[in-house]
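# Structural characterization, general
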Amino acid sequence: MKAILLTQHGGVENLHYTTDFPIPECGSDDIRVRIKATSVNRADTVVRNGYPGLSIPLPHILGGDIVGEIEHIGENVMGFSIGDRVMAAPVISCGTCPICVNTPERNHLCFNWKYFGMHINGGYAEYCTVPSKCIVKIPDTITYEEATCFGVAGLTAYHALYTIAKLKEGETFMIWGGSGGLGTIAVQLAKASGAIVIATVGKDEKKPTIHELGADYVFNHYTDDVAAEVRKLFPLGINCIMDYVGPATFPKSFELLQKGGRMLLCGILTGRESMLNIHQTYLRHLSIHGLYLGTRTELEELLTLAAEKSIKPLVGKVMNLSQAGEAHELMISGGYMGKIVLIP
Ligand SMILES: [Zn+2]
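Just so it is clear, the structure is predicted and the values come from calculations on it, not from any experiment.

### Description of unusual backbone geometry
- A cis geometry characterises the amide bond from Leu58 onward to Pro59, with omega recorded as 5°.
- You can see Pro59 is positioned in the loop between helix H1 (42–49) and strand E4 (67–73).
- At Ser310, a residue that is not glycine, the phi angle is positive and equals roughly 55°.
- Following the sequence through the fold, Ser310 ends up in the loop between helix H9 (296–308) and strand E16 (315–320).

Following this line, the structure appears as structure tokens:
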């Protein structure tokens, strides 16, 4: 089958396109998906580069978004048919650890979790075998390309805004970097909840698109004094801020949070550590949540919401799977909007 193989950790030159990698076996509880679309996520570049503690057999197949049609069904699996349009919930939970047993509704926190493209082979291929418990059907109104926006980025945004922050109508929501795969879907989901949405972009020409997706206010984080502008608009501060940028923005996010505000931390683009004012945290009743991804149930809820509210995620660029290295470079450059999709 076609696949992009990571042969050693490092730069994009270690991503090799092949057309004769073995098709993965399908176990009795599994479903094999013929992949119609996948996409690039920041986690892919982290795995590609390698990090301390990550030990995976090489060659490895990246990709957390697995979207396509059912090609083979394991003998124990019920409720699916060959050709069904499906996608994979990205976290495989063990079913036996204390989290899975005591709080199955939070089983993406499984102590023995596996993530496609990180701990096991993922979606940069023509086929991927997925445990049937992770398979979710895609509503007819959502294309394969659009579905890739929901699996990793969309699920993280949904989990953050709906499950954790419980964003309400009329509340203020802000995100730094609103034009990428996570940002564009977060803006749309925040708007769908009835919130007032503030987003930032790195180039002025991206502003109209982010407005169209639902942002009420869009600032340029390179040329505008964003914190001052937001403070002028909302002197009491912001109810909920999503920050995946890290140390470069965390202190500003913290300052901008309204009393009782919620901070959603889901990335570390600019570093791993930042100072936290404990005094202000408790005095202002602030909540700081670390998070990523979500459960299969949340993915189903998200797809239903997207279909009902006609949420059309922004597919910014569609490329051939063989161009995965270029896709990584494009994502790192920031010279795109929405999701970068790869088609095998
Ligand atoms: Zn578990």
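### Some remarks on the packing of helix H3 (residues 144–164) against H9
- H9 packs onto H3 with a crossing angle of 90° between their chain directions and a minimal axis gap of 9 Å. Here H3 is positioned roughly perpendicular relative to H9, judged by the angle of their axes. Of the residues in H9, those touching H3 at Phe150, Gly154, Leu155, Tyr158, His159 and Thr163 are Glu298, Leu299, Leu302, Leu303 and Ala306.
- By residue class, the composition of the contact of H3 with H9 is 7 nonpolar, 3 polar and 1 charged.

### Considerations on the domain arrangement of the chain
- For the chain, the assigned domains are domain 1 (3–137 + 314–343) and domain 2 (155–290).
- The C-alpha-based centres of domain 1 and domain 2 are spaced at 28 Å.
- On the side of domain 2, 9 residues touch domain 1, which itself brings 9 residues to the contact.
- Of the residues belonging to the side of domain 1 that touches domain 2, the class tally is 3 nonpolar, 4 polar and 2 charged.

### Some points on the nonpolar core
- Ranked by size, the top nonpolar core spans 98 residues in total, and within it Val33 and Ala186 carry the most contacts.
- Of the domains in this structure, domain 1 (3–137 + 314–343) and domain 2 (155–290) are the two that each give at least three residues to this core.
- Among residues more than four places away in sequence, those in contact with Ala186 are Ala157, Leu161, Ile175 and Met242.

### Observations regarding the pairing of strand E13 (residues 238–243)
- For E13, the tally of buried residues reaches 6 of 6 residues, placing the bulk of the element in the interior.
- For strand E10 (residues 172–175) and E13, the ladder comprises 3 bridges, and the chain directions are parallel. When the bridges of E13 are listed, Ile175 appears paired with Met242.
- With 5 bridges connecting them, E13 and strand E14 (residues 257–265) associate as parallel partners. The residue bridging Ile238 from the neighbouring strand is Leu257, located in E14.
- In this view, the connection linking E13 to its parallel neighbour E14 by way of helix H7 (residues 250–256) has right-handed handedness.

Rules used throughout
- Residues numbered from 1 in each chain as written.
- Predicted model: local features only at pLDDT ≥ 70, side-chain atom pairs only at ≥ 80, totals over all residues.
- Helix = DSSP H or I, 4+ residues; strand = E, 2+ residues; numbered from the N terminus.
- Axes fitted to C-alpha atoms, helices over the stretch in contact; angles between N-to-C directions.
- Parallel < 35°, antiparallel > 145°, perpendicular 65-115°, else oblique.
- Contact = placed C-beta atoms within 7 Å.
- Nonpolar A, V, L, I, M, F, W, Y, C, P; charged D, E, K, R; others polar.
- Domains from an automatic or database assignment.
- Core = buried A, V, L, I, M, F, W, Y, C linked by C-beta atoms within 7 Å.
- Buried ≥ 20, exposed ≤ 12 C-beta atoms within 10 Å, placed from the backbone.
- Pairing = 2+ DSSP bridges.
- Right-handed = clockwise from strand over helix to strand, strands pointing away.

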